[in-house]
Amino acid sequence: MNRFKVSKFRHMEARPPRRETWISDIRAGTVRSCGNHIKASCSLIAFNSDRPGVLGIVPLEGQGEDKRHVTHLGCHSDLVTDLDFSPFDDFLLATASADKTVKLWRLPAPGGVLPSGPGLVLGPEDVQVEVLQFHPTADGVLVSAAGRTVKVWDAAKQQPLTELAAHGDLVQGATWSRDGALVGTTCKDKQLRIFDPRAKPEASQSTWAHENNRDGRLVWTGTQEHLVSTGFNKMREREVKLWDTRLFSSACTSLTLDTSPRSLMPLLDPDSRLLILAGKGESQLYCYEVAPQQPALSPVTQCLLESALRGVALVPRRALAVMGCEVLRVLQLSDTAIVPISYHVPRKAVEFHEDLFPDTAGCVPASDPHAWWAGSNQQVQRVSLHPACRPHPSFTSRLVPPAGPTPEEAQPAETPVGDADPSEGFSSPPSLLTSPSTPSSLGPSLSSTSGIGTSPSQRSLQSLLGPSSKFRHAQGTVLHRDSHITNLKGLNLTTPGESDGFCANRQRVAMPLLSSGGQVAVLELRKPGRLPDTVLPTLQNGAAVTDLAWDPFDPHHLAVAGEDARIRLWRVPPEGLEEVLTMPEAVLTGHTEKIYSLRFHPLAADVLASSSYDLTIRIWDLKAGAERLRLQGHRDQIFGLAWSSDGRQLATVCKDGHLRIYEPRGSPEPLQEGPGPEGARGARIVWVCDGHCLLVSGFDSRSERQLLLYSAEALASGPLAVLGLDVAPSTLLPSYDPDTRLVLLTGKGDTRVFLYELLPEAPFFLECNSFTSPDPHKGFILLPKTECDVREVEFARCLRLRQTSLEPVTFRLPRVRKEFFQDDVFPDTAVSWEPVLSAEAWLGGANGQPRLLSLQPPDMTPVSQAPREGPARRAPSSALYLEEKSDQQKKEELLSAMVAKLGNRVDPLPQDSFEGVDEDEWD
């Protein structure tokens, strides 16, 4: 500002709220995109959750003393890259995604059931959609950018009105001018472009914006002539520039902030011309006043944040507490909370200040897509923010009509804020609704034979929760110490990442030791307890062990791979290893480099597959001791391989970023290829969903661990769903149970085991309770299903390897009627310990199916055939438990309960017979 004019915002201050008023206990995602990851209307807040394709939805304001609860909307099958609320309809949300589509959603009023599907779908595009924005004056018009393409859509017709001329590189931002006549774009080619989409698809003006091609952003001021851009200069310093479209060859003014890798997200309020600058991952907000007439960018204030910022949004001016002189409200999205930050201008008089709150754009659109495209420039009628002028006229878009009563009928269109201070009115309860770990919001998955009844109130809650697994309440428990094997010494904890570190079958466990010569210890599971301090008898492998595997059809047969490119086959005596063995039963030679993975065929006896640093996979006939097949086509290290359940195909995941499916008996070249995980730190692959899908665990480009689910029939089309988990150095090792479709995932050195139920269609991933241990484990292996105690509803038993002990871990499902066999949890299981084919028959082209075995004990009745229980005492509605009660109500209920309990006493109390002093003696 110049010296003759003083800013009315010079004393403005930011007021971070108290911690108890945050919207806390959320799980925000760290999506890398050009969006801001959070948006707000006058009624709702939407933000990126930690589940790909899933948004968190929460009311903007609490209703009295009721706490706000976060619900989750499964929007897309991939990451949500951007989102925007309609400027006219508080409950109309648009989402853009890496699945190349834009979707429009009709959200319910707070407390309502989220939609199971979108109202409209735009696209798909050729690449992922980066940004989108609703038109500021016409209902049903929006702009989207995907790759180098920018389109203006008529959402009602689900067709683009125009496609703007192609940009030179990735479009990083596309925004409407405030009057809706122009579109401004920023691009990775460093150009700033202005389009008049109704006149021509080519840019009417363009100029060099910022000298660095890193993430650039753009916002318009309240006029058509001025806009603000953010980016980086050659020295990688962050800078802000103010532009005049009438003199577009150079910026009116520029401001250099600092050197930081974090891109700036600009938020500009056109009425006050206040500009908020926020950097992702930073803990500070900058506020500037934009003065185009000077021109100038004048600093106003800075706000330090308590946690790192993941996203930021402005609350519409119609929702501000104007009587408290709140001129801005910023929503900060952090990893675990949404923090409302209010900017106030201190004034002595508690009244409406017209100089701070000029009339603002209302919520009734000025035109429709047809009229706007025909040339209408009519502007949205402005409304006063004075409390006496409320409520404002409301509007419900016809793009996605409400399923029931309109939101305006369910609650006022404008939330009456009066003179309440939002920093005092925010409530932050823990969410009662757990996030569905799925990219969908379909109905719940219920079982009629679970032995647990579901009341209508429970079903209504499940509709809010989204789809859920019947294993969601699984409980992992370490068995009693009497079943542990302790006093383990000298374990080799540095086996390659492609190895599980140890292997086990129903009878024994084999684990490599750190001593020279590649020694392998073999322990009997039926003999738990403390191992002697003396040296254990071992298998002398002769070379450092890289992987080992038990023959599924012979519990005494062990295959061990070594760094010398040889596979040694050992036979352990039936009574166990009682002396050192130095001579293997057979040695397989053929690989020219170190071997790192061994996989036995699931149906054919004496068939083994091995992968090596020589970039080949070799399939061996163990009976003949010879190589029979060799698979080629890999261009880098093979991270993992897996046989299909029918043994016909073999899948691999490679460091070259590709998945491959082979039919070994048909061709040495891959049958299919598809894109794999972006990260090159390691990966695993397993066949799931009855062989229809492939699950891959790996890393993304930011080293975040993730799961990718592919259709086995269409690898080239990419993953069906991607699920990000956490950031950790070790590769997740998947253990899949085909009977329950559950996958257990953990890494070496982890303390947590993730459980997910997998589905071949949306929602793909259903999250279950995870198992957490107090100390890290060195390995985790799933035992055969026959080891489970079905009477205790134990659906999985595993072995957890610690540094000095081996512990069995059971996973059980809490059920009410455990006296019955839970046949929905225990379907007939495959007899995996009996071969179906010989090696010769399989190599000759024969196929087969395993025999199935029932796990039902003879003395148990299936729960599906159990007699129905008599009517139980009707429990109070769950709504009574969910309803929040005031402190006064709680006190009255407690007092009433105490009086009722004491009211039946007719006997005198002991103190009634005591002699005390008279009242006058106290004086």
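Starting afresh in each chain, residues are numbered from 1 along the sequence in its written order. Under the rules for a predicted model, residues below a pLDDT of 70 receive no local features and side-chain atom pairs below 80 are neither given nor counted, while totals for whole chains, interfaces and linings still include all residues. The side-chain numbers reported here are obtained from all heavy atoms of the structure, hydrogens and water having been left aside.

Peer 1: Any chance you could break down the overall build of the chain for me, citing the residues and the numbers?
Peer 2: Check the secondary structure of the chain and you find 7 helices and 63 strands. Across the 923 residues in the chain, those meeting the buried criterion constitute 54%. The contacts of the chain with a sequence gap of at least 6 include a subset with a gap of at least 24, amounting to 55%. The method behind every accessible area is Shrake-Rupley, applied with a 1.4 Å probe, and residues are considered shielded solely by the protein chains displayed. Accessible area for the chain stands at about 39900 Å²; split by element, carbon and sulfur atoms hold 49% of it. Here a strand is any run of E in DSSP of at least two residues, a helix any run of H or I of at least four, and the numbering for each starts at the N terminus. Under the scheme applied here, a residue whose accessible area is under 20% of the maximum for its type counts as buried, over 50% as exposed, and between as partly exposed, the area being computed with a 1.4 Å probe on protein chains only. Should any heavy atoms of two residues lie within 4.5 Å, those residues are counted as being in contact.

Peer 1: Break down the sheet that holds strand 56 (residues 742-746) for me, with residues and values.
Peer 2: When DSSP finds two or more bridges between a pair of strands, those strands are recorded as paired. Strand order in the open sheet formed by 4 strands is 55-56-57-58, with antiparallel pairing between adjacent strands. Of all strands in the sheet, those bounded by a partner on one side alone are strand 55 (733-737) and strand 58 (765-772). On average, each strand axis in the sheet is inclined to that of its neighbour by 20°, with strand direction left out of account. Judged from the 6 bridges that link them, strand 57 (residues 752-758) and strand 58 form a sheet pairing that is antiparallel. Bridging from a neighbouring strand, V753 pairs with F771 of strand 58. For helices, the axis comes from a line fit to the C-alpha atoms of the stretch in contact; other axes are also lines fit to C-alpha atoms, and the angle between any two N-to-C directions lies between 0 and 180 degrees.

Peer 1: Outline the side chain of K280, listing residues and values.
Peer 2: As for its placement among the helices and strands, K280 is situated in the loop between strand 24 (274-279) and strand 25 (284-291). Buried within the structure, K280 lacks any salt-bridge partner; its nearest side chain of opposite charge belongs to D215, at an N-O separation of 5.3 Å. Polar contacts, as used here, are pairs of N or O atoms within 3.5 Å; protein pairs need one atom able to donate a hydrogen and one able to accept it. Residues neighboring in sequence count only if both atoms are side-chain atoms. A polar contact is formed between the side chain of K280 and the backbone oxygen of G35, at a distance of 3.3 Å. Each residue touching K280, except ones within four places of it in the same chain, is listed here: S33, G35, H37, R217, R262, S263, M265, L309 and R310. In this charge count, Lys and Arg are treated as positive and Asp and Glu as negative; neither His nor the chain ends contribute. For this analysis, a salt bridge means a side-chain nitrogen from Lys or Arg found within 4 Å of a carboxyl oxygen belonging to Asp or Glu.

Peer 1: Account for the environment of A278, naming residues and giving values.
Peer 2: Inspection of the secondary structure puts A278 in strand 24. When the C-alpha atoms of A278 and R262 are compared, they prove to be 9.2 Å apart, with 16 residues separating the residues in sequence. Ignoring sequence-local partners within four residues, the contact set of A278 consists of S263, L264, M265, L285, L309 and V312.

Peer 1: An account of the sheet that holds strand 23 (residues 264-269) is requested, with residue identities and associated values reported.
Peer 2: Read across the sheet, 4 strands follow the order 23-24-25-26 without closing on themselves; strand pairing throughout is antiparallel. Edge positions in the open sheet fall to strand 23 and strand 26 (296-304), since each of these has one partner strand only. Put simply, the sheet's adjacent strands are angled 25° from each other on average, direction ignored. With 6 bridges connecting them, strand 23 and strand 24 associate as antiparallel partners. If you follow L268 over to strand 24, its bridge partner there is L275.

Peer 1: Explain the side chain of E289 residue by residue, including any values.
Peer 2: Here E289 lies in strand 25. Look at E289: it is buried, it has no salt bridge, and the nearest opposite charge is K8 at 6.7 Å.

Peer 1: Could you give an account of the packing of aromatic side chains, with specific residues and numbers?
Peer 2: Each aromatic pair joins two rings of Phe, Tyr and Trp (for Trp, the six-membered one) with centres within 6.5 Å, and gets the label stacked for planes under 30 degrees apart, edge-to-face for over 60, and tilted for any other angle. Tallying each qualifying case throughout the model produces 12 aromatic pairs. Residues F352 and F357 carry aromatic rings whose centres are separated by 5.9 Å and whose planes lie at 25° to one another, so their mutual orientation is stacked. Taking relative accessible area as the criterion, F352 reaches 12% and is therefore assigned buried. For F357, a relative accessible area of 2% puts it in the buried group. The lysine or arginine in question, R214, covers the ring of F232, its NZ or CZ lying 4.8 Å from the ring centre. Its guanidinium or amino end placed over the ring of F699, R681 lies 5.0 Å from that ring's centre, counting from NZ or CZ. Only when the NZ atom of a Lys or the CZ atom of an Arg is both within 6 Å of the ring centre and within 35 degrees of the ring normal do we say a charge sits over the ring.

Peer 1: Any details on the nonpolar core? Residues and values, ideally.
Peer 2: Ranked by internal contacts, the top residues of the largest apolar core, which has 30 residues, are F9, M12, L274, I276, L285, V327 and Y343. Listing elements by their share of this core, those giving two or more residues are strand 23, strand 24, strand 25, strand 26, strand 28 (326-333) and strand 29 (337-344). Once residues within four sequence positions are removed from consideration, L285 is found in contact with I276, L277, A278, T301, Q302, C303, L305, L309, V330, I341 and Y343. Judged by nonpolar contacts, the second largest core, of 22 residues, contains C768, F795, C798 and V809. Here the nonpolar core consists of buried residues drawn from Ala, Val, Leu, Ile, Met, Phe, Trp, Tyr and Cys, with membership extended through side-chain atoms lying within 4.5 Å.

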